[in-house]
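Fold and geometry: a report
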Amino acid sequence: MEPRTQRSARARHYLMCRPTHFEVTYSINPWMDPAKPVDTELAVTQWEQLVALHRRLGHRVEFIEPLPGYPDMVYAANGATVVDGRVLGVRFRDVERAAEGPAYLGWFRDRGYQVHDPVHVNEGEGDFLLVGDRLLCGTGFRSTPESHVEAEEFLGRPVVGLQLVDPRFYHLDTALTVLDDDEIMYYPGAFAPHSLAVLESLYPDAIRVDEADAEHFGLNAVSDGRHVILPESASGVARRLRERGFEPLGLDLSELLKGGGSVKCCTLLIRDRTRT
Ligand code: ARG
């Protein structure tokens with residue numbers, strides 16, 4: 001595919017959560033090893049670099065107060081799914097994260113957003129990614145197929161369900177990145193054959209990323225339509241993005257990787273009514 005001559009960035013509105021209480025004390029995905037030491041101070045420093053980069057690119061960043069005893073709350077993408085100012089709250093699979101749902105929902109409710117407290121397990125933008133007007137919804141590990149229907153009803157966007165099969169890529173945002181309104185990249189090995197066929201037919205020009213880059217969390221990236229922030233170790237992804245006319249910006253978020261997350265996991269996109 002020919003690179004588009006001029007990629008344009010769109011101003012974004014993000015919600016993030018400082019990793020003040022970040023540690024790995026339990027394991028709910030294969031990346032988490034409570035026996036491995038975590039440097040919380042370094043996690044904070046690395047996270048601050050992500051905040052600074054979002055701001056340098058001109059995006060608006062807001063913050064939610066971290067709850068003590070909820071080390072995974074730094075992964076703000078799991079806090080909600082916001083489309084046109086409507087906020088679909090989350091319900092976590094694991095009890096270790098349960099209190100994060102009401103905390104994120106309260107943040108939005110307090111600011112006047114229209115919120116829906118979900119019945120079914122869904123982990124926010126971890127599994128729900130909007131591409132143009134279509135909501136891609138992962139299932140297999142966390143968010144349930146029932147939650148896809150609930151999302152479609154509340155958010156009013158057509159849903160495409162995708163079956164995840166590799167436990168290393170337990171959330172959709174570890175296996176697939178939205179680059180623009182009609183462009184994505186993904187790791188084919190993370191999907192069941194029938195879901196892969198759906199992705200191939202909907203996005204024939206998508207960038208297909210290899211296993212090594214996916215393992216570096218190269219797909220846990222955030223794009224504003226021009227700049228794509230991603231882990232710096234995913235060099236193959238950066239090269240592919242450059243070929244397509246994007247501007248990849250690498251960051252080191254190694255401490256947060258110990259919890260099984262990176263750039264996208266730490267960044268919740270708030271799509272306000274004016275559409276961002
Ligand atoms: N330790 C967290 C969990 O397993 C990591 C969440 C990563 N977030 C994401 N959006 N993929 O739930």
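Residues numbered from 1 in each chain as written. Predicted model: local features only at pLDDT ≥ 70, side-chain atom pairs only at ≥ 80, totals over all residues. Heavy atoms only, no water.

If you tally the helices and strands in the protein chain, you get seven helices and 15 strands. Its C-alpha atoms give the protein chain a radius of gyration of 17 Å, within 12% of the compact-globule value 19 Å for 276 residues. By principal-axis analysis of the C-alpha atoms, the protein chain measures approximately 50 × 40 × 35 Å. The contacts in the protein chain between residues at least 6 apart in sequence include a share of 71% that link residues at least 24 apart. A total of about 11100 Å² of accessible surface is found on the protein chain, and carbon and sulfur atoms cover 50% of it. (Helix = DSSP H or I, 4+ residues; strand = E, 2+ residues; numbered from the N terminus. Rg over C-alpha atoms; globule rule 2.2 N^0.38 Å. Contact = heavy atoms within 4.5 Å. Areas by Shrake-Rupley, 256 points an atom, 1.4 Å probe, with all protein chains shown as cover.)

By convention here, two paired aromatic rings are described through the distance between centres and the angle between planes. Scanning the model with the defined rule gives seven aromatic pairs in all. Ring centres of tryptophan 107 and phenylalanine 108 lie 4.9 Å apart, and the angle between their planes is 80 degrees; on these two criteria the pair is classed as edge-to-face. Judged on exposure class, the residue tryptophan 107 and its partner phenylalanine 108 are both buried. Every member of this aromatic cluster is reached through a ring pair, and the members are Trp107, Phe108 and Tyr113. The cationic tip of arginine 7 hangs over the ring face of phenylalanine 246; the distance from NZ or CZ to the ring centre is 3.8 Å. Positioned above the aromatic ring of phenylalanine 154 is the side chain of arginine 86, whose terminal nitrogen or guanidinium carbon lies 4.3 Å from the ring centre. (Phe/Tyr/Trp six-rings, centres within 6.5 Å; stacked < 30°, edge-to-face > 60°. Buried < 20%, exposed > 50% of the residue type's maximum accessible area, 1.4 Å probe, protein only. Lys NZ or Arg CZ within 6 Å of the ring centre and 35° of its normal.)

Okay, the sheet that holds strand S14 (residues 247–251) next. Reading across from one edge, S12-S13-S14 is the order of the three strands in this open sheet, with mixed pairing throughout. Each having just a single partner strand, strand S12 (222–223) and S14 make up the two edges of the open sheet. As paired strands, strand S13 (residues 227–231) and S14 are joined by five bridges and run parallel to one another. The residue of S14 that forms the bridge with proline 231 is leucine 251. Contacting S12, S13 and S14, helix H1 (residues 40–56) crosses the sheet at an angle of about 155 degrees to S14. Helix-sheet contacts for helix H6 (residues 235–243) involve S13 and S14, and the interaxial angle to S13 is about 170 degrees. (Pairing = 2+ DSSP bridges. Axes fitted to C-alpha atoms, helices over the stretch in contact; angles between N-to-C directions.)

By nearness alone, 17 residues border the ligand, and Arg97, His171, Asp173, Gly259 and Cys265 come closest of all. Within the side chain of histidine 171, a nitrogen or oxygen atom sits 2.8 Å from a nitrogen atom of the ligand. Glycine 259 is positioned with one of its backbone polar atoms (N or O) 2.8 Å from a nitrogen atom of the ligand. Relative to its unbound accessible area of 350 Å², the ligand is 100% covered by the protein chains. In terms of residue class, the shell around the ligand is made up of six nonpolar, seven polar and four charged. (Near = heavy atom within 4 Å. Polar contact = N/O pair within 3.5 Å; in protein donor to acceptor, adjacent residues only side chain to side chain. Nonpolar A, V, L, I, M, F, W, Y, C, P; charged D, E, K, R; others polar.)

Below, the discussion takes up unusual backbone geometry. Phi is positive for aspartate 84, which is not a glycine, with a value near 55 degrees. Structurally, the position occupied by aspartate 84 is in the loop between strand S3 (81–83) and strand S4 (86–88).

For the rest of this paragraph, the subject is the nonpolar core. In this structure, Leu176, Met185, Phe191 and Leu241 are the most contacted members of the largest nonpolar core, which totals 35 residues. Looking at this core, the elements with two or more residues in it are strand S6 (128–131), strand S8 (159–163), strand S9 (176–180), strand S10 (183–186), helix H4 (193–202), S13 and H6. Setting aside its immediate chain neighbours within four residues, leucine 241 contacts Leu179, Met185, Ile207, Val228, Leu230, Phe246 and Pro248. The next biggest cluster of nonpolar side chains, apart from the first, holds 26 residues, and it includes Met32, Tyr75, Val263 and Cys266. (Core = buried A, V, L, I, M, F, W, Y, C linked by side-chain atoms within 4.5 Å.)

With that settled, the discussion passes to the pairing of strand S1 (residues 13–16). The two faces of S1 match: His13 and Leu15 on one face and Tyr14 and Met16 on the other face are all buried. Bridge count between S1 and strand S2 (residues 60–63): four bridges; the pairing is parallel. Its bridge partner being in S2, methionine 16 is matched across the sheet by phenylalanine 63. Between S1 and its parallel partner S2, the chain crosses via H1, and the hand of that crossover is right-handed. Relative to strand S15 (residues 268–269), S1 is paired through two bridges, and the arrangement is antiparallel. (Right-handed = clockwise from strand over helix to strand, strands pointing away.)

All of the buried residues in helix H3 (residues 145–155) are Ser147, His148, Glu150, Ala151, Phe154 and Leu155. Buried residues of H3, seen end-on, are gathered within an arc of 165 degrees and therefore sit on one face of the element. On its buried side, H3 packs onto S3, S4, strand S5 (114–116), S6, strand S7 (134–139) and S8. Phi turns positive, to about 65 degrees, at glycine 156, one or two residues after H3. (Arc of directions from axis to C-beta.)

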